[in-house]
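A look at the structure
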Amino acid sequence: MSVQIGNIDLGEFPLLLAPMEDVSDPPFRYVCKQHGADMMYTEFISSEGLIRDAAKSRQKLDIFEYERPIGIQIFGSDINSMRTATEIATLAGPDLMDINYGCPVKNVACRGAGASLLQDIDKMVAMTKAVVEATHLPVTVKTRLGWDDNTKNVYEVAERLQDVGIKALTIHGRTRAQMYKGEADWTLIREIKKNPRVQIPIFGNGDIDSPEKAANWRLEYGTDGMMIGRAAIGYPWIFREIKHFFATGEHREKPTIAERIDACKTHLQKSIEWKGPKTGIFEMRRHYSNYFKGIENFKEFRMRMVSTENIEELYEILWQINERYTPELA
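Structural notes, computed from the coordinates. Quick caveat, the model's predicted, so the values are computed rather than measured. (Residues numbered from 1 in each chain as written. Predicted model: local features only at pLDDT ≥ 70, side-chain atom pairs only at ≥ 80, totals over all residues. Heavy atoms only, no water.)

So, the overall build of the protein
Formally: Counting from the N terminus, the helices are the DSSP runs of H or I reaching at least four residues and the strands are the DSSP runs of E reaching at least two. We take the radius of gyration over the C-alpha atoms and set the globule estimate at 2.2 Å times the residue count to the 0.38 power. Burial status follows relative accessibility: with a 1.4 Å probe on protein chains alone, a residue under 20% of its type maximum counts as buried, one over 50% as exposed, and anything between as partly exposed. Residue contacts are defined here by distance: any two heavy atoms, one from each residue, within 4.5 Å place the two residues in contact. Per-residue accessibility takes into account occlusion by the displayed protein chains alone, with areas from the Shrake-Rupley method and a 1.4 Å probe. Two residue types count as positive, namely Lys and Arg, and two as negative, namely Asp and Glu; His and chain ends fall outside the count. A single reference atom marks each charge: NZ on Lys, CZ on Arg, CG on Asp, CD on Glu.
The helix and strand inventory of the protein stands at 15 helices and 11 strands. Rg of the C-alpha trace for the protein: 20 Å, near the compact-globule value of 20 Å for 330 residues, within the 12% margin. When the backbone C-alpha atoms are referred to their principal axes, the protein occupies close to 60 × 45 × 35 Å. When each of the 330 residues of the protein is scored for burial, the buried share is 56%. The contacts of the protein with a sequence gap of at least 6 include a subset with a gap of at least 24, amounting to 68%. Put simply, the protein shows about 14,600 Å² of open surface, and 48% of that area lies on carbon and sulfur atoms. Here the protein holds 43 positive side-chain charges and 47 negative ones, and the gap between their average locations is 3 Å.

Structure, rendered in structure tokens:
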């Protein structure tokens, strides 16, 4: 059966790209969409930043037709600000709105936003209701199991947020206290999916990094789909590999060096188009090692790539990488 979020048809068992700060921008989303992501989200956007018309927050509203379906994710600690930010974000024309109740980092959670709301479910419910009422778009939520091991309250969260109108829920299988450490635990996600009161799609998130794990966890935990984050950084092929494994039970060929170079180059070009040459080149530096992870003796090329500000020199280095490694890996 197809998974529906409002009037959005995502097909059977969709794979979602997680909203990741400083990662899930339009250039990164472009390469993930090329390689099979079924739905994507913007980086999370500060509600206060949108209200103040901060340039960085406004830029994150940029979405493109080829990205659809796409959601804009917002976060904040003030209910009225979240309501106003929802109205602003709706005007950008996304397919849905998403609320971040999962971010664990200190400068978000310790300011009453993100995962902090897991300590105040009544406020979370009131905030969610305000967002739902402020837009005609479907509203979804991303959250965690709870604040810590003693307060895993996402079972209650799922029921109450559904009751105020959210259309889907993504759950990261860690508490806020865990941050990104240890292993994700999907057992409570499974219990929520089994809850007869919960009728909205439930997506699992956390530690999906291989086709085998995706297939095993699909059977074991019974979610409606999966959200993939860190495993897609520098490896957008994770989406197509998982889909191929679902369909055939076999592994798809790993990307060749030429495919890695092509994806990296596309990402770079889109980064320059969206951010301008200086910023586009600078912000791509965090991605090079991920695109070429596992290739032996790559350090010299990486150091050259992160030290140049010249686009033609970057293209030349990519050409040299192809010349250096294609015969060996062919």
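Now that the structure is up, let's keep going.
Points about the packing of aromatic side chains
The description of an aromatic ring pair rests on the distance of the ring centres and on the angle between the ring planes. What counts is decided by this rule: Aromatic contacts are taken between Phe, Tyr and Trp rings whose centres are within 6.5 Å, Trp giving its six-membered ring; a plane angle under 30 degrees counts as stacked, one over 60 as edge-to-face, and the others as tilted. Comment: the charge-over-ring label is applied if NZ (Lys) or CZ (Arg) is within 6 Å of the ring centre and within 35 degrees of the ring normal.
According to the stated counting rule, one finds 13 aromatic pairs in the structure shown. Between Phe64 and Tyr66 the ring centres are 5.7 Å apart and the planes differ by 5 degrees, which places this aromatic pair in the stacked class. The interplanar angle of 80 degrees and the centroid separation of 6.4 Å between the aromatic rings of Trp237 and Tyr291 together place this pair among those described as edge-to-face. Of this pair, Trp237 sits in the loop between β11 (225-228) and α10 (238-248) while Tyr291 sits in helix α13 (residues 288-291); the two residues are 54 residues apart in sequence, bridging distant segments of the chain. On the basis of relative accessible area, Trp237 is assigned to the buried category, the value being 1%. We note Arg144 situated over the ring of Tyr180; from NZ or CZ to the ring centre the distance is 4.9 Å. Directly above the aromatic system of Phe13 lies the positively charged group of Arg218, at a separation of 4.3 Å from the ring centroid.

Details of the pairing of strand β7 (residues 96-101)
Each regular strand carries side chains that alternate between the two faces of the sheet. Stated precisely, the cut-off is as follows: Any two strands with at least two DSSP bridges between them are considered paired.
Summarising burial for β7: six of the six residues are buried, a large majority. Of the two faces of β7, the one lined by Leu96, Asp98 and Asn100 and the one lined by Met97, Ile99 and Tyr101 are each fully buried. Pairing geometry for strand β6 (residues 70-75) and β7, over four bridges, is parallel. Within the sheet, the bridge partner assigned to Ile74 lies in β7 and is Ile99. In terms of strand pairing, β7 meets strand β8 (residues 139-144) through five bridges, oriented parallel. Looking at the pairing, Asp98 lines up with Thr140 of β8.

Comments concerning the pairing of β11
What you see with β11 is no split at all: Gly225 and Met227 on one side and Met226 and Ile228 on the other are buried throughout. Judged from the three bridges that link them, strand β3 (residues 15-17) and β11 form a sheet pairing that is parallel. Bridge pairing links Leu16 to Met227 in β11. Inspection of the sheet shows strand β10 (residues 202-205) paired to β11 by three bridges, in the parallel sense. The residue of β11 that forms the bridge with Asn205 is Met227.

Side note on the pattern of salt bridges
Oppositely charged side chains can form a pair if their charged atoms are brought close together. Using the following cut-off: By definition, a salt bridge exists where a carboxyl oxygen of Asp or Glu is found within 4 Å of a side-chain nitrogen of Lys or Arg.
Within this structure, the stated rule accounts for 22 salt bridges. Salt bridges sharing common partners tie together Asp25, Lys275 and Glu283.

Things to note about unusual backbone geometry
Note: most peptide bonds trans; most residues except glycine with negative phi. Omega for the peptide link from Arg68 to Pro69 comes to 0 degrees, which places this bond in the cis form. Tracing the sequence through the fold places Pro69 in the loop between α3 (55-59) and β6. Positive phi values are uncommon outside glycine, yet Phe13 reaches one of about 50 degrees. With respect to the secondary-structure elements, Phe13 resides in the loop between β2 (8-9) and β3. Of note, the phi angle at Asp53 is positive, near 60 degrees, even though the residue is not glycine.

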